[in-house]
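Spelled out from the first residue to the last, the chains are:
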Amino acid sequence: AADWLQEQNLAAVPAASAAGQTKNFRTWTSDRGTAIEAALVDFGYGDPDTKGDAYVVLEKRDDQRIDVPLNRLSAESQQAAKEEVRKLRAASASK
């Protein structure tokens, strides 16, 4: 079976970048070991009422965006994603 992150990496569609947003690029690794370099630019829930099915939106250097279910990332990348989400929330709260 192909790695989900690798499939998304190949199938991602270019999206417009948020103007003026500072991006923190890092290497994200899937639960199967595939790695890509991208910045976490957004997050959400597949089920907002229960906050279930959490996902992150990663943006590669070529501006392609990929929605990645949090549980499909490695444990280390999940922890990094949670830290990045905290930073995004803090930045949006201070605006």
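See the structure printed just above.
Rules and cut-offs
- Residues numbered from 1 in each chain as written.
- Predicted model: local features only at pLDDT ≥ 70, side-chain atom pairs only at ≥ 80, totals over all residues.
- Heavy atoms only, no water.
- Pairing = 2+ DSSP bridges.
- Helix = DSSP H or I, 4+ residues; strand = E, 2+ residues; numbered from the N terminus.
- Salt bridge = Lys/Arg side-chain N within 4 Å of Asp/Glu carboxyl O.
- Buried < 20%, exposed > 50% of the residue type's maximum accessible area, 1.4 Å probe, protein only.

We now examine the pairing of strand 2 (residues 25-29). With 5 bridges joining them, strand 2 and strand 3 (residues 35-47) adopt antiparallel strand pairing. Across the sheet, residue Arg26 finds its bridge partner in strand 3, namely Ala38. With antiparallel pairing between neighbouring strands as the criterion, strand 2 and strand 3 make up a hairpin whose turn holds 5 residues, including Gly33 at a positive phi of roughly 100 degrees.

Let's shift gears to unusual backbone geometry. A positive phi angle, near 55 degrees, is found at Asp53, a position not held by glycine. Mapped onto the elements, Asp53 comes out in strand 4 (residues 52-60). Although it is not a glycine, Asp63 adopts a positive phi angle of roughly 75 degrees. You can see Asp63 is positioned in the loop between strand 4 and strand 5 (64-69).

According to the stated counting rule, one finds 5 salt bridges in the structure shown. Here Glu84 and Lys87 are joined by a salt bridge, their closest N and O atoms 3.5 Å apart. Of this pair, Glu84 and Lys87 both sit in helix 2 (residues 75-93), 3 residues apart, which is roughly one turn of that helix. Exposure remark for Glu84: the relative accessible area of 11% places this residue in the buried category. Sharing partners across several salt bridges, the network here consists of Lys23, Glu59 and Arg65.

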